[in-house]
Amino acid sequence: MSSAEALPECVPDADLSALNTFRLPARASILLRIRSEDELLRLIAVGHLKGRPHFVLGGGSNLVLAGDFDGIVLKVEIDGRRLVTEGEAGWLVEAGAGEAWHDFVRWTVAQGWPGLENLSLIPGTVGAAPIQNIGAYGVEMADRFAGLDAVDLETGERRVFSAEDCRFGYRDSVFKHEAGRWLVTRVRFLLPRAWAPDVRYGEVGAELAARGIELPTALQVSDAVIAIRRRKLPDPAEIGNAGSFFKNPLVDAGLAGQLRAAHPALPQYPQADGRVKLAAGWLIEHAGWKGRDLGAVGCYERQALVLVNRGGARGEDVCRMAGRICDDVRARFGVALEPEPVFIGGNPR
């Protein structure tokens, strides 16, 4: 078989414990390392995926492995980053889906192409970013998105997705509703020439002020965001976690008003559609969970949105903890929390 026809590297009975940032133990029947689109297309053409359960794995940072997986794991390792075009509007850049997101962000900033700096230090890969529509400190990935390439894992169809095709929402996209169908191979972003720093979030402004910076560059905003995240969030290399575990819930204006009257300190953010976004971390903390452990899983003492592996945790332990938190927040505030991570082999209830 020529190199052009090569199939992905195959690892049978694969240990996934080092491939998820929560460090949860699990195994997969087969792990395939996807390093190019050609490898993927060949795999589909020979029928290796037909009739077999599979899931796509990026950096494993938004994943809860609740048990072993009797199927095929497609580990996306497509690399590369480049400037596609430069024009009056800005810089169109592209990255392979297997590139580390933070490394890509810092590369764009170092090149003098601003726009992604508020999304610094978010774990995961470039290919996972549009699936989750990641966001932080007033910026969502969708704000800079310019298109992506993906492959239909059933038919082998290659398709270019626009922002409209992706149907982006709050931590949401079409890919979450068609799980297992598409594998993202490359993503493009338009980084604006007419740029101004987004420091609407008080923490970012305060960090810059503490550094004596009044008119920050994109690099300085990135450095500030990195400092804030390092103070608040545990490093997955030191403490197993999946980042922010719960979405900030969206509620109708009526419930938001009731909660405002009962809990004036609860942060609320009105949305364009009339709903109100609530701070999930505040709800969890005031339901009594911040810094509290349940077996080997803990609610991080510096940020209630984060669940951590205290050592030896299993997927079912994470599910039990998440379920208890959801139950207590609903009982105290009448608000339903929704986890952010993808669950393989179980769910938080």
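Before any of the text, the structure's been laid out above.
Here's a quick rundown of the structure. (Residues numbered from 1 in each chain as written. Predicted model: local features only at pLDDT ≥ 70, side-chain atom pairs only at ≥ 80, totals over all residues. Heavy atoms only, no water.)

What follows deals with the overall build of the protein. Counting secondary structure elements, the protein contains 10 helices and 20 strands. For 349 residues, the compact-globule estimate of 2.2 N^0.38 gives 20 Å, and the C-alpha radius of gyration of the protein, at 21 Å, lies within 12% of that figure. Partitioning the contacts of the protein with sequence separation of at least 6, the portion at a separation of at least 24 is 63%. As presented, the protein carries roughly 15600 Å² of accessible surface, and 48% of it is formed by carbon and sulfur atoms. Of the charged side chains in the protein, 41 are positive and 45 negative, and the gap between their average positions amounts to 4 Å. (Helix = DSSP H or I, 4+ residues; strand = E, 2+ residues; numbered from the N terminus. Rg over C-alpha atoms; globule rule 2.2 N^0.38 Å. Contact = heavy atoms within 4.5 Å. Areas by Shrake-Rupley, 256 points an atom, 1.4 Å probe, with all protein chains shown as cover. Lys, Arg positive; Asp, Glu negative; His and termini not counted. Charge placed at Lys NZ, Arg CZ, Asp CG, Glu CD.)

Attention now moves to the nonpolar core. With 53 residues, the main nonpolar core has Leu74, Trp101, Phe104, Leu148 and Phe189 as its most contacted residues. With 6 residues, strand β12 (residues 182–192) is the single largest residue contributor to this core. Setting aside residues up to four positions removed in sequence, phenylalanine 104 forms contacts with Arg81, Val93, Glu94, Ala95, Leu116, Val126 and Phe189. One finds Ala256, Ala304, Ala313 and Met321 within the second-largest nonpolar core, a separate group that totals 52 residues. (Core = buried A, V, L, I, M, F, W, Y, C linked by side-chain atoms within 4.5 Å. Buried < 20%, exposed > 50% of the residue type's maximum accessible area, 1.4 Å probe, protein only.)

Another aspect to go through is the packing of helix α2 (residues 101–110) against helix α7 (residues 218–232). Packing of α2 against α7 brings their axes to within 9 Å, and their N-to-C directions diverge by 150°. Between α2 and α7, the interaxial angle falls into the category roughly antiparallel. Like other packed secondary-structure pairs, α2 and α7 cross with a definite hand, here left-handed. Facing α2, whose interface residues are His102, Arg106 and Val109, α7 presents Ala218, Leu219, Ser222, Asp223 and Ile226. Each residue belonging to the contact of α2 with α7 can be placed in one class, and the counts come to 4 nonpolar, 2 polar and 2 charged. (Axes fitted to C-alpha atoms, helices over the stretch in contact; angles between N-to-C directions. Parallel < 35°, antiparallel > 145°, perpendicular 65-115°, else oblique. Left-handed = near helix turned anticlockwise from the far one by under 90°. Nonpolar A, V, L, I, M, F, W, Y, C, P; charged D, E, K, R; others polar.)

Moving on, we come to the pairing of strand β7 (residues 90–96). Of all 7 residues that make up β7, 7 are buried, and the element is covered over most of its length. Where strand β6 (residues 81–86) meets β7, 5 bridges bridge the pair, whose relative direction is antiparallel. Considered in β7, the bridge of arginine 81 is made with alanine 95. Count of turn residues in the β6/β7 antiparallel hairpin: 3 residues. By the bridge criterion, 7 bridges tie β7 to β12 in an arrangement that is antiparallel. The partner of tryptophan 91 across the bridge, within β12, is leucine 191. (Pairing = 2+ DSSP bridges.)

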